[in-house]
Amino acid sequence: MANVAVIGSQWGDEGKGKIVDWLSEKADVVVRFQGGHNAGHTLVVDGAVYKTSALPSGVVRKGKVSVIGNGVVVDPWAFIDEIERLRGQGLDIGPENLKLADNAPLILPIHRNLDEMRESSNSIRKIGTTKRGIGPAYEDKVGRRALRVIDLADPDTLEDKVAALLDHHNALCRGYGREELDGADVVAKLKAIAPQILPYMDRVWNYLHEAKLAGKKILFEGAQGILLDIDHGTYPYVTSSNMVAGQAATGSGMGPRDVSYVLGITKAYTTRVGEGPFPTELLDDVGQYLGEKGHEFGVVTGRSRRCGWFDAVLVRQTVITGGIDGIALTKIDVLDGMKEIKICTGYKLDGKVIDYLPASAPEQARVEPIYESFEGWEGTTAGARSWAELPAQAVKYVRRIEELIGAPVASVSTSPEREDTILVKDPFQD
Ligand code: IMP
């Protein structure tokens, strides 16, 4: 068995789409195990561009089964809209190739409203969320009052469940001086969408167990990146789920040994969207250049991404916490033509040198990067498919990254085209 988990090793947007697409061709089953429709993956198949958000990337390929695990939070209306949008592009999506965990929690309009309200409030700390209701939905899951997919199958108990949920939310509304929510309206909306959702519902843990027994290859598709992990990221400027590879098991109902190789997608520089610390951020022309050349705009929100140098301190740490076996280095071609390239190898914190990201948010905001400087390379990496095609200086840069982060490079991506990849290891081969 060789099941692969693909996870982001930075703040998301590392270029997972291309790699997930390549691996999903080899896999039989593609599983999302955390996050929700805050994710945005762009996939290019035979010249057609598809954008997935809540759905696993497997939906763009014929003959694959896509699975949404219990670790995902599901907005039923967004789920149906995305299916309709992708069907409109000619894809065949139905219950035979898309399974939704019966125990996945739902994102309701109240969650989206709460998320938007907090983000626009002046008195609450702004996180820069995608305003999709992700955080509030996970809060209700952990608070043991969430509605789950299975609840849609039991309309008789829906009213009581919604009443219990609104007990909590209406107390918040009163506190924030907002109008209270009407339970009957929430119930009516849920009853109306239920017949469209229920055909996709499945005991996903069992489906995956049987797939495993049948020797199917499973790809676990992570969203976001470990620096946004609720435990291991730059808390509180994080999303509300775990991205580390351990979550592939928890968020799908499989065991930790069912994930045999963990591929960490890693951009050759660093980007982040939203608020929060970013030690190597470049607020100058160089940062702007990276953003323009790398087309660094969010797929979901269209926001410009903040850009900076590669931070080996952070990636070394996420290799450890994420359980990463090897990295897929992406977008190295964006660095072509730069005179000087820097890698952060340590931090200065209050006069001391440290080699880790401190857990304290104020300390995270105070660390100053210590850089190692590289001469840029002449010529181009764009389109290279073998080490021999890379300029020597670019090879030196990649090798130094491997050394600093303590993980080997499994592949180097040199353009958005699928074939423009230097492949060192196929993660599905033992
Ligand atoms: P939320 O996930 O919408 O709650 O947003 C929390 C933080 O995670 C914000 O900084 C978002 O910008 C960030 N975030 C959420 N999803 C993604 C993603 O897919 N890529 C990059 N950043 C994301």
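Look up a bit, the structure's there.
Keep in mind the model is a prediction, meaning the values are calculated, not measured.

Reading guide: rules and limits
- Residues numbered from 1 in each chain as written.
- Predicted model: local features only at pLDDT ≥ 70, side-chain atom pairs only at ≥ 80, totals over all residues.
- Heavy atoms only, no water.
- Pairing = 2+ DSSP bridges.
- Helix = DSSP H or I, 4+ residues; strand = E, 2+ residues; numbered from the N terminus.
- Patch = residues over 30% accessible without salt bridge, like charges linked within 9 Å, V, L, I, M, F, W, Y side chains within 5 Å.
- Areas by Shrake-Rupley, 256 points an atom, 1.4 Å probe, with all protein chains shown as cover.
- Salt bridge = Lys/Arg side-chain N within 4 Å of Asp/Glu carboxyl O.
- Lys, Arg positive; Asp, Glu negative; His and termini not counted.
- Charge placed at Lys NZ, Arg CZ, Asp CG, Glu CD.
- Buried < 20%, exposed > 50% of the residue type's maximum accessible area, 1.4 Å probe, protein only.
- Contact = heavy atoms within 4.5 Å.
- Near = heavy atom within 4 Å.
- Polar contact = N/O pair within 3.5 Å; in protein donor to acceptor, adjacent residues only side chain to side chain.
- Nonpolar A, V, L, I, M, F, W, Y, C, P; charged D, E, K, R; others polar.

Enquirer: Which residues make up the sheet that holds strand β17 (residues 409-413), and what are the values?
Expert: With respect to topology, 10 strands assemble into an open sheet ordered β7-β6-β5-β2-β8-β1-β9-β13-β17-β18, the strand pairing being mixed. The strands lining the two open edges of the sheet, one partner per strand, are β7 (201-202) and β18 (421-423). Strand direction decides the pairing type here: strand β9 (residues 261-267) and strand β13 (residues 326-330), joined by five bridges, are parallel. When the sheet's bridge partners are listed, T266 is paired in β13 with L329.

Enquirer: Describe a negative patch on the surface, with residues and values.
Expert: Taken together, the side chains of D154, D156, E159 and D160 present a region of like negative charge at the surface. Look at D154 and you get partly exposed, because its relative accessible area is 32%.

Enquirer: Could you give an account of the side chain of S411, with specific residues and numbers?
Expert: With respect to the helices and strands, the residue S411 is situated in strand β17. Here S411 is in contact with I327, A328, L329, T421, I422, L423 and V424, once residues within four sequence places are set aside.

Enquirer: Please set out the pattern of salt bridges residue by residue, giving values where relevant.
Expert: Taken as a whole and assessed by the stated rule, the structure comprises 23 salt bridges. Taking the shortest distance from any N to any O, the salt bridge between E14 and K16 comes out at 3.1 Å. By the burial criterion, E14 is buried, and K16 matches it. Between K26 and D426 there is a salt bridge, with its nearest N and O atoms 2.9 Å apart. Of this pair, K26 sits in helix α1 (residues 16-26) while D426 sits in the segment after β18; the two residues are 400 residues apart in sequence, bridging distant segments of the chain. Of the residues examined, D426 reaches a relative accessible area of 17% and is grouped as buried. If you follow the salt bridges from partner to partner, you end up with D13, K267, E296, R305 and K331 in one network.

Enquirer: Lay out the site of the ligand in plain terms, naming residues and giving numbers.
Expert: Near the ligand, the surroundings consist of 15 residues, among which D13, N38, T130, T239 and R303 are the closest. Note that a nitrogen atom of the ligand is positioned 3.2 Å from one of the side-chain N or O atoms of Q224. Between the ligand and the protein, one listed contact pairs an oxygen atom with a side-chain N or O atom of R303 at 2.9 Å. The protein chains hide 96% of the 470 Å² of surface that the ligand would expose on its own. Within the shell around the ligand, the residues separate by chemical class into six nonpolar, seven polar and two charged.

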